[in-house]
Protein chains: 2
Amino acid sequence: THPTSASLPSPSFSVDTETLQNQIDELATFSDVPAPAVTRVLYSDKDVLARSYIKKLMEKAGLSIREDAVGNIFGRWNGKDTSLAAVATGSHIDAIPFSGKYDGVVGVLGALEAINVLKRSGFQPRRSLEVIMFTSEEPTRFGISCLGSRLMAGIEELADALKGTVDGQNISFFDAAKSAGYNLNHEDLKNVFVKKDHYSAFIELHIEQGPILEEEGLPIGIVTAIAAPASIKVEFEGNGGHAGAVLMPARNDAGLAAAELALAVEKHVLESGSIDTVGTVGIIELHPGAINSIPSKSHIEIDTRDIDEKRRNNVVEKVHQSAVSIAEKRRVRLSKFQIINQDPPALSAESIIRAMTIAAEKLNLSHKLMISRAYHDSLFMARISPMGMIFIPCNKGYSHKPEEYASMEDIANGVKVLALTLAKLSVD
Amino acid sequence: THPTSASLPSPSFSVDTETLQNQIDELATFSDVPAPAVTRVLYSDKDVLARSYIKKLMEKAGLSIREDAVGNIFGRWNGKDTSLAAVATGSHIDAIPFSGKYDGVVGVLGALEAINVLKRSGFQPRRSLEVIMFTSEEPTRFGISCLGSRLMAGIEELADALKGTVDGQNISFFDAAKSAGYNLNHEDLKNVFVKKDHYSAFIELHIEQGPILEEEGLPIGIVTAIAAPASIKVEFEGNGGHAGAVLMPARNDAGLAAAELALAVEKHVLESGSIDTVGTVGIIELHPGAINSIPSKSHIEIDTRDIDEKRRNNVVEKVHQSAVSIAEKRRVRLSKFQIINQDPPALSAESIIRAMTIAAEKLNLSHKLMISRAYHDSLFMARISPMGMIFIPCNKGYSHKPEEYASMEDIANGVKVLALTLAKLSVD
Ligand SMILES: [Mn+2]
Ligand SMILES: [Mn+2]
Ligand SMILES: [Mn+2]
Ligand SMILES: [Mn+2]
């Protein structure tokens, strides 16, 4: 029997904005750099403290807590019918170096507040509701984005790759996990995989990380698709040598090869013919890294995305051709051209888009359908569950830097839309 | 009264090559990275150990040891007439990250062996002979090359600049010195200055750091001039942002500005019209340095040199123009364009060139007059003393990397030429 809409909470329920802001501020103090910047890297001491903080809040909300082998954290509110697939929501709390305090965090603390809102309203879910804090959405430490959700989606290749994965300090994934209290071995990774019927829906609340909602004065964005990212690591090697003694014709400078490739990435992206193609060289490292030494080695990391997978793969291919021809021209060795990931885009489920739209309408919040140009754990959750995302505006579209900001009014609106959507999906 | 050549040692004296090779190998073990690479940075624990090692060898050679406020180390063999200006020789033992074990070291351990050779031969100097180990020839830690010899040359601006100088970890010069046992204050820096009549000659033995001697099969190079270096630090700043969310037209990428400037340096150097102009971007650092973050800040360090000061200054000027126009075109801020040093070239003294040439001829060693494209403490010693340099071949001209190598035969030849030159100049 289907419940009537009478069992849904009234859209007049209120968000405890003061507590939520305090939580956002407190979580931001678990950081390796001074405020307003935030750095919180996977399995670091600060990450461990932040995880405890989230578990404490889950406990306070009366959720039953489960943690998987890599530290994805689940807080469940059992529904009336625990035999049904649950409705899940969540995001991440790790933060890249010198970033801000809203990316991911709004979708974890906001999800917990959505649960609290529903509890205060007297609502009783039919399907269980679950808040998920994903491990390592950001690729900072091991170069692997969405590590937790990729594993949940059952990507065997990742489980295998993790056996040989080390961070910049040559610490293995397993040693790093152990130091954070996750004493796992390779076999345990399979237990992170989640079956396709485990969730009936997954919704992520997130700041837009772009300027559109703010510019158009809209409080809510309803995501219909997530752009598809590809990440590439490139290394060039040359002979290096003394900056004074080796004359220009005798050089094969790995640093200049890197510089040329960075500019080639920009060129190929701009040539794609679409505003939706983006490409970034966020990392250039030169070895030995001395003012009086010709670089003998360079390491470049490239990120390119598009809502059109073919067009993005075309950029990857052109970047590869450039890397080869730059190496040839400069007589350096292209010692690495590694495509770390090359993911297909994800589409939101029609049913969830509908539920989010109805929720926004009931709350009298103007909204628009839009594309997520940043990617999220939702991209991988979409492989095992119908998926949807709610965007809220953020200051000038800033993200991944200390100036990242979302107003509490906008966050509260997002929490309300999320709460109503969860409620609706939990009784469907 | 002038002594006759009878008081000079016989050119048949022998170098203790086994001991010298052992010393080179032992000194290389004071390193922060595994062999064959060497990293020995100013005032680090390994630098302190290496300094003790040098002082021990000076003591063993019967030299009287003096150390100045910044750690230039002097080992003196008193001559018959201590009222005369001394003849000095020496080099450095600090090593840039991941470099080799011969740069500088040959001129310190080789100088000590030259003294031992003279002592074993029964020679008695008239002028005192002094071996100098200079502090921080390499700019690794504080971005200042030839720190010790610049101060000895009495450069007041450097003494003042050191008040505000910090390393990459924000440790001040004075704190770093203190941690190595040099507890000095700003006033003490003036005591490092050396008067113009303190030395009658300074000679540095050094590996060529270029391929010429090896290619031409010559054991000895006699340096007539040292090319003039300029070092520049540049910083660009942009808005940064999320690698997925910020569309290409909205970007002002500080990393791409750095890449473009690096290629502009190469272009301006190649346009100089002379093979003697070189330019290097050895350092590019991107902030925040994450694959999914548009660089909001970039830091570039540039080294450019020439034997013609005007031509080199012209490159510096063009690099500056490029930095300004790149910043304008890419709408980034050129937040720093700092010329760290812009030194004039140095000429060797005719009298010392003559003494070195006579020594090589007496030893039946073929030789050529040549230019030093790398710079050395000799560049600054030339400001307070007649100066000369002896080059020996090194493997393929390699330097500043682990493959740097000079054969013991070539080193021993260099030591002999140095010993005869010192002897000659000490009785002149
Ligand atoms: Mn992020
Ligand atoms: Mn995020
Ligand atoms: Mn050097
Ligand atoms: Mn040197």
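Please read all numbers here as calculations on a predicted model, not as lab measurements.

Trainee: Just to check I follow, could you spell out the coordination of the manganese ion (ligand 3) for this structure?
Mentor: In an ideal tetrahedron of four donors about a metal, each angle is 109.5 degrees. In an ideal octahedron of six donors, the angles are 90 or 180 degrees. All names here are of chain B. Coordination of the manganese ion (ligand 3) by the protein is provided by Asp103 (OD), Glu138 (OE) and His400 (NE2), with metal-donor distances spanning 1.9 to 2.2 Å. A gap of 3.6 Å separates the manganese ion (ligand 3) and the manganese ion (ligand 4), which Asp103 links by coordinating each metal. Of this pair, Asp103 sits in the loop between strand 5 (95-99) and helix 3 (105-120) while His400 is found in the loop between strand 15 (387-392) and helix 12 (408-427), placing the two residues 297 residues apart along the sequence.

Trainee: Any chance you could explain the domain arrangement of chain A here in plain terms?
Mentor: The accessible area lost on association of the parts is a frequent measure of interface size. Residue and element names in this part refer to chain A. For chain A, the assigned domains read domain 1 (5-227 + 345-427) and domain 2 (229-342). Measuring from the centre of the C-alpha atoms in domain 1 to the corresponding centre in domain 2 gives 33 Å. Every contact between the two is made by 9 residues of domain 1 and, on the other side, 10 residues of domain 2. Carbon and sulfur atoms supply 58% of the area buried between domain 1 and domain 2, which totals about 870 Å² over both sides. Where domain 1 packs against domain 2, one counts 1 salt bridge. Summed over the shared surface of domain 1 and domain 2, the result is 1 residue pair in polar contact (both at pLDDT 80 or more). Grouping the amino acids of the side of domain 1 that touches domain 2 by side-chain chemistry returns 6 nonpolar, 1 polar and 2 charged.

Trainee: Before we go on, may I ask you to explain unusual backbone geometry in this structure?
Mentor: Negative phi is the rule for most residues except glycine; trans is the rule for most peptide bonds. With an omega of 5°, the peptide bond running from A:His287 to A:Pro288 counts as cis. Phi is positive for B:Phe98, which is not a glycine, with a value near 60°. Assignment of secondary structure puts B:Phe98 in strand 5. For B:Phe98, a relative accessible area of 31% corresponds to the partly exposed category. For B:Asn170, which is not a glycine, the phi torsion comes out positive at approximately 65°. Among the structural elements, B:Asn170 can be located in the loop between helix 5 (156-161) and helix 6 (173-179). We classify B:Asn170 as exposed; its relative accessible area is 60%.

Trainee: Would you take a moment to explain the relation of the copies chain B and chain A for this structure?
Mentor: Between the two copies of the chain lies a rotation about an axis combined with a shift along it. When chain B is fitted to chain A, the best match, at an RMSD of 0.0 Å, comes from turning it 180° and sliding it 0.0 Å along the axis. Both copies of the chain, as the preceding transformation shows, are related through a two-fold rotation axis. Relative to the rotation axis, the C-alpha of B:Ala259 is the closest in chain B, positioned 2.1 Å from it. A share of 100% of the interface residues of chain B reappears at the interface of chain A, consistent with the copies meeting face to face through the same patch.

Trainee: Can you walk me through the environment of A:Ile54 in this structure?
Mentor: Residues and elements named next belong to chain A. Summarising the element assignment, Ile54 is placed in helix 2 (residues 45-60). The spatial distance from the C-alpha of Ile54 to the C-alpha of Met152 is 20 Å, given a sequence separation of 98 residues. Residues within four places of Ile54 in sequence aside, it is in contact with Leu27, Ile93, Val108, Leu109 and Met133.

Trainee: Looking at this structure, I do not really get the sheet that holds strand 10 (residues 278-287) of chain B. What am I missing?
Mentor: Across a sheet, paired strands are connected by hydrogen bonds in the backbone, their directions being either parallel or antiparallel. Residue and element names in this part refer to chain B. Reading across the sheet, the 4 strands line up as 10-11-9-12 and stay open at both edges, with antiparallel pairing between neighbours. Of all strands in the sheet, those bounded by a partner on one side alone are strand 10 and strand 12 (333-342). Adjacent strand axes in the sheet meet at a mean angle of 15° when their direction is disregarded.

Trainee: How do you make sense of helix 9 (residues 309-330) of chain B when you look at a structure like this?
Mentor: Helical geometry note: an α-helix holds 3.6 residues per turn, so side chains three or four residues apart project in the same direction. An ideal rise of 1.5 Å per residue puts 32 Å on 22 residues; helix 9 of chain B measures up with 31 Å between its terminal C-alpha atoms. Buried residues belonging to helix 9 of chain B abut helix 8 (254-270) of chain A together with strand 9 (228-237), helix 8 (254-270), strand 11 (297-306) and strand 12 of chain B. The N-cap residue of helix 9 of chain B is B:Asp308: its side-chain oxygen and the backbone nitrogen of B:Lys310 are 3.0 Å apart.

Trainee: Looking at this structure, I do not really get the sheet that holds strand 10 (residues 278-287) of chain A. What am I missing?
Mentor: All names here are of chain A. One open sheet accounts for 4 strands, arranged 10-11-9-12; its pairing is antiparallel. Strand pairing shows two members of the sheet lacking a second neighbour, strand 10 and strand 12 (333-342), which therefore form its edges. In this sheet, adjacent strand axes meet at a mean angle of 15° when their direction is disregarded. When strand 10 meets strand 11 (residues 297-306), the two strands line up antiparallel, connected through 9 bridges. Paired with His287 across the strands is Lys297, a residue of strand 11. The strands touched by helix 9 (residues 309-330) are strand 9 (228-237), strand 11 and strand 12; relative to strand 12, the strand with the most contacts, the crossing angle is about 170°.

Trainee: Please clarify how the side chain of A:Ser44 should be interpreted in this entry.
Mentor: As for its position among the elements, A:Ser44 is in the loop between strand 1 (38-40) and helix 2. Residues within four places of A:Ser44 in sequence aside, it is in contact with A:Asp32 and A:Arg141.

Trainee: Teacher, can you tell me more about the interface of chain B and chain A here?
Mentor: Taken together, the contact between chain B and chain A spans 58 residues of the former and 58 residues of the latter. Between chain B and chain A the total buried area reaches about 5,100 Å² when both faces are included, carbon and sulfur atoms providing 65% of it. Linking chain B with chain A are 2 salt bridges. With its nearest N and O atoms 2.8 Å apart, the salt bridge here joins A:Arg330 to B:Glu266. Taken together, the connections running from chain B to chain A amount to 12 residue pairs in polar contact (both at pLDDT 80 or more). Among the elements that take part in the side of chain B that touches chain A, strand 10 of chain B stands out by supplying 9 residues, more than any other.

Trainee: What is the right way to read the coordination of the manganese ion (ligand 2) from this model?
Mentor: Residues and elements named next belong to chain A. Taken together, His92 (NE2), Asp103 (OD) and His206 (NE2) make up the protein donors of the manganese ion (ligand 2), found 2.0 to 2.3 Å from the metal. Considered as a linear motif, the donors of the manganese ion (ligand 2) on their single chain read H-x10-D-x102-H. Separating the manganese ion (ligand 2) from the manganese ion (ligand 1) is a distance of 3.6 Å, and Asp103 supplies a donor atom to each of them. Separated by 114 residues along the polypeptide, His92 in strand 4 (residues 86-92) and His206 in strand 7 (residues 199-207) bring together distant segments of the chain. What makes His92 buried here is its relative accessible area of 0%.

What counts, and where the lines are drawn
Residues numbered from 1 in each chain as written. Chains lettered and ligands numbered in written order. Predicted model: local features only at pLDDT ≥ 70, side-chain atom pairs only at ≥ 80, totals over all residues. Heavy atoms only, no water. Donors = N, O, S within 2.8 Å, 3.2 Å for Na, K, Ca; no water. Helix = DSSP H or I, 4+ residues; strand = E, 2+ residues; numbered from the N terminus. Domains from an automatic or database assignment. Contact = heavy atoms within 4.5 Å. Buried area = accessible area lost by both parts, 1.4 Å probe. Salt bridge = Lys/Arg side-chain N within 4 Å of Asp/Glu carboxyl O. Polar contact = N/O pair within 3.5 Å; in protein donor to acceptor, adjacent residues only side chain to side chain. Nonpolar A, V, L, I, M, F, W, Y, C, P; charged D, E, K, R; others polar. Buried < 20%, exposed > 50% of the residue type's maximum accessible area, 1.4 Å probe, protein only. Least-squares fit on C-alpha atoms with pLDDT ≥ 70 in both. Pairing = 2+ DSSP bridges. Axes fitted to C-alpha atoms, helices over the stretch in contact; angles between N-to-C directions. Expected span 1.5 Å × (residues − 1).

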